[in-house]
Amino acid sequence: MAKFENNLSEGNVVKQLVLFSLPVLISNLIQSLYSTVDMLVVGQFAGEVAMSGVNIGGQVSFLITNMVFGLAVGATVLIGQYMGADDRKSMHETIATLFVSLTVAAVIITVAMLALQEPLLRLIQTPAESFSEARIYFFISMLGTIFIFGYNALSAVMRGLGDSRNPLIFVAIACGVNIVLDLLFVAVFHMGAAGAALATIMSQAISMILCILYLRKNNFIFDFSLDSFKGATKKQLKLILKIGIPTSIQNVATSASFLFLTALVNSIGVMASAAVGAVGKLNGFAILPGIAMSTSVSAMSAQNIGAKKYDRAAKTMLVGMAISMAISIVIFFIVGVFPESCMRLFGNDPEFIANGVAYIKAFKYDYLVAPLCFCFNGLFIGAGHTNFSLINGIMSSLLFRIPASYIFGMVLNMGLLGVGLGGPIASAAAMVFGLGFFLTGRWKKLIIHSVDTEKVQAIE
């Protein structure tokens, strides 16, 4: 066993979850700094028009990359369950299959999106003033797709093996590089949104390369040689897709719903677009505890379910809920008391601040509900029950978030305050459905891994 492998199916649940989730939380916090630093630097040195371009281009880029993040989630779950069952052969096959499939996907998506960038930006009603900035940000971001996929695949593998510390180290290095390059390209060279995008993909590339070099030197089960890549199998690809495709669709549906909100806000004007983009970065930080717990609960419950310890998996989810809610409540009060100060981090225009404050007043309630949804999903994904997560995610995104935002924001003429209500309403619906599914106990019936290494199968 390599030194970065960690058995999460034994020991104190609270201690294991805290020790695993803290690096995940910090990693997510640092990763959020990527785009937030882009917004801060662009807002301070290039203005609201460029900031609107970064927001819009970033939203479209995030939607595209979310299409394949589900594959990484599927691999994390499989690797965790194989580790819990001590099946190293299947672990190696899963890792090889993930790397090969994501490389192919990155190439295809990059080519397709570069051809479709302008129609996509026009589809979401990108304001004319910020169209060129959004286009160049999206273009450069898509060129770096291979690095974004590569780093996230490596992180998913290490977390499946029970290691959350090393992904933190590599993303911290990359974030430091990103900040330096942002200041250089935007503040010194005045490259606007293009400079912000270039800084991001260069730092992601550095992070991926450092991660590969470290793993090769530390007895990683996959040595990145051509022979290792030949370990990919159709059997593991089917399992990764079975688990990962529903997660990908759910991620895309969620991103699409927020992209709809972006189009809705774009119709109001460039200042509203910039303000919602800035609040989006704040929201990204606010929900980090829930996201970190979801990732940790998923990885930890996967190993426990692989070891057939279902009660321990459920306890992991409940502990995750308690911890993430305690943090989120504090964030809720800080954002509610100091909304203007939060907006001034991004710009000082009175109209910009007023728009942002209106949106924050409604959306902040999502911080009290989303952590519960994230932890439910963490358990269900760890069990391989991604079909329910998909249905629940689509329902909350398309049947609640979009209609609520449109009705309150446009039909009832509440503006950004009404648009912001869509978030907490959607999360509340997802939380209720998640609770119902958990109480039925059906999540325990989904079996991904048979301990017999010659017969790996997914049975629902």
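Residues numbered from 1 in each chain as written. Predicted model: local features only at pLDDT ≥ 70, side-chain atom pairs only at ≥ 80, totals over all residues. Heavy atoms only, no water.

With that settled, the discussion passes to the packing of helix H3 (residues 88–123) against helix H4 (residues 131–143). One way to put it is that H3 packs onto H4 with a least axis distance of 10 Å and a crossing angle of 165 degrees. When the interaxial angle is binned, H3 and H4 end up roughly antiparallel. By crossing handedness, the relation of H3 to H4 is classed as right-handed. Facing Thr 110, Met 113, Leu 114, Gln 117, Glu 118, Leu 120, Leu 121 and Arg 122 of H3, the residues of H4 in contact are Phe 131, Ala 134, Arg 135, Phe 138, Phe 139, Met 142 and Leu 143. When its residues are assigned to classes, the contact of H3 with H4 shows ten nonpolar, two polar and three charged. (Axes fitted to C-alpha atoms, helices over the stretch in contact; angles between N-to-C directions. Helix = DSSP H or I, 4+ residues; strand = E, 2+ residues; numbered from the N terminus. Parallel < 35°, antiparallel > 145°, perpendicular 65-115°, else oblique. Left-handed = near helix turned anticlockwise from the far one by under 90°. Contact = heavy atoms within 4.5 Å. Nonpolar A, V, L, I, M, F, W, Y, C, P; charged D, E, K, R; others polar.)

Let's shift gears to the nonpolar core. Core analysis: the largest hydrophobic core is formed by 41 residues, its most contacted members being Val 42, Met 51, Met 343, Phe 346, Phe 352 and Tyr 359. The element contributing the most residues to this core is helix H10 (residues 270–286), with nine residues. Those residues in contact with Phe 352 that sit more than four places away from it in its chain are Glu 48, Met 51, Met 271, Ala 274, Ala 275, Ala 278, Met 343, Phe 346 and Gly 347. Grouped together as the second largest cluster of nonpolar side chains are 37 residues, Leu 71, Met 91, Val 171 and Cys 175 included. (Core = buried A, V, L, I, M, F, W, Y, C linked by side-chain atoms within 4.5 Å. Buried < 20%, exposed > 50% of the residue type's maximum accessible area, 1.4 Å probe, protein only.)

The next point concerns the packing of H3 against helix H9 (residues 234–266). Closest axis-to-axis distance for the H3/H9 pair is 9 Å, and the angle between their directions is 75 degrees. Taken together, the axes of H3 and H9 lie roughly perpendicular to each other. Contact residues: H3 offers Ser 90, Glu 93, Thr 94, Thr 97, Leu 98 and Ser 101, while H9 offers Lys 235, Gln 236, Leu 237 and Ile 240. In the contact of H3 with H9, the residues fall into three nonpolar, five polar and two charged.

According to the stated counting rule, one finds four salt bridges in the structure shown. The salt bridge partner of Glu 118 is Arg 122, with a shortest N-O separation of 3.5 Å. One end of the pair, Glu 118, and the other, Arg 122, are both in helix H3, four residues apart, so they sit about a helical turn from each other. Connected through shared salt-bridge partners, Glu 118, Arg 122 and Arg 135 make up one network. (Salt bridge = Lys/Arg side-chain N within 4 Å of Asp/Glu carboxyl O.)

On to the packing of aromatic side chains, then. On inspection of all chains with the given rule, the structure shows 17 aromatic pairs. With centroids separated by 5.1 Å and ring planes inclined at 80 degrees, the aromatic side chains of Phe 99 and Phe 222 adopt a geometry described as edge-to-face. Note that Phe 99 is positioned in helix H3 and Phe 222 in the loop between helix H7 (192–217) and helix H8 (226–229), a separation of 123 residues in sequence. On the accessibility criterion, Phe 99 (8% relative accessible area) is buried. In this structure Phe 222 comes out as buried when scored by relative accessible area, which is 0%. (Phe/Tyr/Trp six-rings, centres within 6.5 Å; stacked < 30°, edge-to-face > 60°.)

Our next topic: the state of the cysteines. Counted according to the given criterion, the structure contains zero disulfides. Note on Cys 211: no disulfide assigned, nearest cysteine sulfur contributed by Cys 175 at a separation of 16 Å. What makes Cys 211 buried here is its relative accessible area of 0%. With no disulfide of its own, Cys 373 lies closest to Cys 375 among cysteine sulfurs, the gap being 9.5 Å. On the basis of relative accessible area, Cys 373 is assigned to the buried category, the value being 9%. (Disulfide = S-S within 2.5 Å.)

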